[in-house]
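Architecture at a glance
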Amino acid sequence: MAQVGSVIGRALVGAAGTAVSAAAAAGLGYGLIQAEAKITRRIVGNPFDGAPDDDGVYGAAPGEPVQLLVLGDSTAAGMGADTKYQTIGAILSQGLAAIMGRPIELTNEAVVGAESSDLSAQLSRALARIDQPDVAVILIGANDVTHRIDRSVSVKHLERTARYLRTLDVPVVVGTCPDLGTVEPVPFPLNKLLRQWSRDLAAAQTVAAVEAGARTVSMGDLLGPEFAASPSVMFSQDRFHPSAAGYARVASALLPTVAAALSAWPEDAVADTTPEPSRGEGIGALDDAAERAVSSPGTEVGPARLKGTAAGPRGPWAMLRRRGEHEVTDV
């Protein structure tokens, strides 16, 4: 997620024109929103200097390590985690090692405060360290929302990064922008604006990433209900970034899709090419799938073919999957 101290304030105060128009559309006073942004800046703490260094090999099985690459912002970096083993990358690595029976080597180039425009530089640094990732996970978008980066600009950077990785035959899983309106210290009506901006970006990210050949997993308000019920457990000290328990919840939503991208599940566990209508899965227009995924956290959207074609009258086909039955929460 975003850098904490002033980031919520910049979401509104640093983009006055946008906030004024959005507030006017909702019948809200800009003065009220500006005051709430200042209050929120004081509420949200900033006790962290950075994130744990979680690079390394996970799992004790023999064999050549599977190369897992993580790119993105402070959520991908693990800001708020107490140890390297509590980050999303480390939890994914441990889960994949257990599923595949092979060691997983994690290369994490995520940077606290990163925007989508930083992904290319992160990827360049990563490819200077490893020749060929086996799978890449990207978590990005929160800072684009709070800095009010134009959506078309944000998704262009994400699409470029995902498309380049796909040209290298690297499977890509994108965790879309989380719903910042669920962050506990953010009051009404500021939280409503952040929620709408977050969802709009997440839908656009889904379309761009799938068109580039990647799969997406909707973060949405994945942590919202748990945060509301147990904020002291799910939030870290700054009351903004997830705690270790929060990161485990996010990783559990991502792990089934990352494992499927690697063809890691046993043959009798997942038929990756066939959706299950009983779980609300199916193939349809990509823009519809993106909108549905935004409102259903944990939903996977990926490229699909229908009757031998990759696109229909409304554009590309997409497969919407719900892999909750393969959720891993204690790895």
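Along every chain, residues carry numbers that run from 1 in the direction the sequence is written. Whole-chain, interface and lining totals are the exception, using all residues; otherwise, since this is a predicted model, local features are given only for residues with pLDDT of at least 70 and side-chain atom pairs are given and counted only at 80 or more. Hydrogen atoms and water are omitted, and side-chain values are computed over all heavy atoms in the structure.

In the sections that follow, a salt bridge refers to a side-chain nitrogen of Lys or Arg positioned within 4 Å of a carboxyl oxygen of Asp or Glu. All told, the structure shown has 13 salt bridges when counted by the stated rule. For Asp55, the salt bridge goes to Arg129, with nearest N and O atoms at 2.5 Å. Linking Asp55 in the loop between helix H3 (30-43) and strand S1 (56-58) with Arg129 in helix H6 (residues 119-129), this pair joins segments that are 74 residues apart in sequence. Residue burial is assigned from relative accessible area. The probe radius is 1.4 Å, only protein chains are included, and a residue is buried under 20% of its type maximum, exposed over 50%, and partly exposed in between. Judged by its relative accessible area of 44%, Arg129 is partly exposed. Here Arg215 ties to Glu300 by a salt bridge, and the two come within 3.4 Å at their closest N and O atoms. Of this pair, Arg215 sits in strand S6 (residues 215-217) while Glu300 sits in strand S8 (residues 299-303); the two residues are 85 residues apart in sequence, bridging distant segments of the chain. Judged by relative accessible area, Glu300 falls into the buried class, the value being 4%. Salt bridges sharing partners connect three or more residues here, namely Asp55, Glu109, Arg125 and Arg129. Segments assigned H or I by DSSP are reported as helices when at least four residues long, segments assigned E as strands when at least two residues long, and all are numbered from the N terminus.

Turning our attention to the pairing of S8. Of all five residues making up S8, four are buried, and the element is well covered by its neighbours. Any two strands with at least two DSSP bridges between them are considered paired. Note: S6 against S8, two bridges, orientation antiparallel. Paired with Val217 across the strands is Glu300, a residue of S8. Judged from the five bridges that link them, S8 and strand S10 (residues 315-322) form a sheet pairing that is antiparallel. Residue pairing in the sheet places Gly302 in a bridge with Met319 of S10.

Attention shifts here to empty space enclosed by the protein. Rolled over the atoms, a probe as big as a water molecule pinpoints where empty space is left. Definitions used for this entry: grid spacing 1 Å over protein atoms alone; cavity, a set of points where a 1.4 Å probe fits but cannot get out; pocket, an open set with protein on both sides within 12 Å along at least 5 of 7 lines; lining residue, one with an atom within 4 Å of a point. Grid points are joined across faces, edges and corners, and a volume is the space filled by probe spheres set on the points. This structure, assessed with the given rule, holds two cavities of 30 Å³ or more. By volume, the second largest cavity is sized at about 30 Å³. Lining the second largest cavity are Cys177, Pro178, Asp179, Ser198, Arg199, Ala202, Gly220 and Val294. By the convention adopted, Pro, Cys, Tyr, Trp, Phe, Met, Ile, Leu, Val and Ala count as nonpolar, Lys, Arg, Asp and Glu as charged, and the other residues, Gly among them, as polar. Its residues assigned to classes, the lining of the second largest cavity shows four nonpolar, two polar and two charged.

Moving on, we get to helix H13 (residues 286-294). Of the positions making up H13, those classed as buried are Leu286, Ala289, Ala290, Ala293 and Val294. Looking straight down H13, one finds its buried side chains confined to an arc of 135°; they lie on one side. What the arc measures is the spread of directions leading from the helix axis to the C-beta atoms.

What follows deals with the packing of helix H5 (residues 88-100) against helix H12 (residues 244-261). Angles shown run from 0 to 180 degrees and are taken between the N-to-C directions of axes, each axis being a line fitted to C-alpha atoms and, for helices, limited to the stretch in contact. Axis separation between H5 and H12 bottoms out at 9 Å; the angle between their running directions is 45°. The pairing of H5 with H12 is recorded here as oblique in orientation. H5 and H12 meet at a crossing whose hand is right-handed. In contact with Ile88, Ile91, Leu92, Gly95, Leu96 and Ile99 of H5, H12 contributes Tyr247, Ala248, Val250, Ala251, Leu254, Leu255, Val258 and Ala259. A per-class count over the contact of H5 with H12 returns 13 nonpolar, one polar and no charged. Between 65 and 115 degrees an angle is taken as roughly perpendicular, under 35 as roughly parallel, over 145 as roughly antiparallel, and anywhere else as oblique. For any pair of crossing helices, the crossing counts as left-handed if the nearer helix is rotated counterclockwise from the farther one by less than a right angle, and right-handed if it is rotated clockwise. When checking whether two residues touch, look at their non-hydrogen atoms; a contact exists if any pair is within 4.5 Å.

Time to look at the nonpolar core. In this structure, Leu68, Ile88, Leu92, Leu96, Leu254 and Val258 are the most contacted members of the largest nonpolar core, which totals 38 residues. For this core, the secondary structure elements donating two or more residues are strand S2 (66-72), helix H4 (74-77), H5, strand S3 (104-108), strand S4 (135-139) and H12. With eleven residues, H12 is the largest single contributor of residues to this core. Throughout, nonpolar core names a set of buried Ala, Val, Leu, Ile, Met, Phe, Trp, Tyr and Cys residues whose side chains join them through atoms within 4.5 Å. Leu69, Ile138, Ile140 and Val170 belong to the second-largest nonpolar core, a separate cluster that totals 18 residues.

Further remarks concern the packing of aromatic side chains. Put simply, two rings from Phe, Tyr or Trp (the six-membered ring, in Trp's case) pair if the centres are within 6.5 Å, and we call them stacked under 30 degrees between planes, edge-to-face over 60, tilted for the rest. Under the criterion given, the structure shown has one aromatic pair. Ring centres of Tyr58 and Tyr85 lie 6.0 Å apart, and the angle between their planes is 85°; on these two criteria the pair is classed as edge-to-face. With Tyr58 in strand S1 and Tyr85 in the loop between H4 and H5, this residue pair connects regions lying 27 residues apart in the sequence. The ring of Tyr85 carries Lys84 above its face, with NZ or CZ at 5.5 Å from the centroid. Lysine and arginine charges are scored as sitting over a ring when NZ or CZ, respectively, is within 6 Å of the ring centre and within 35 degrees of the ring normal.

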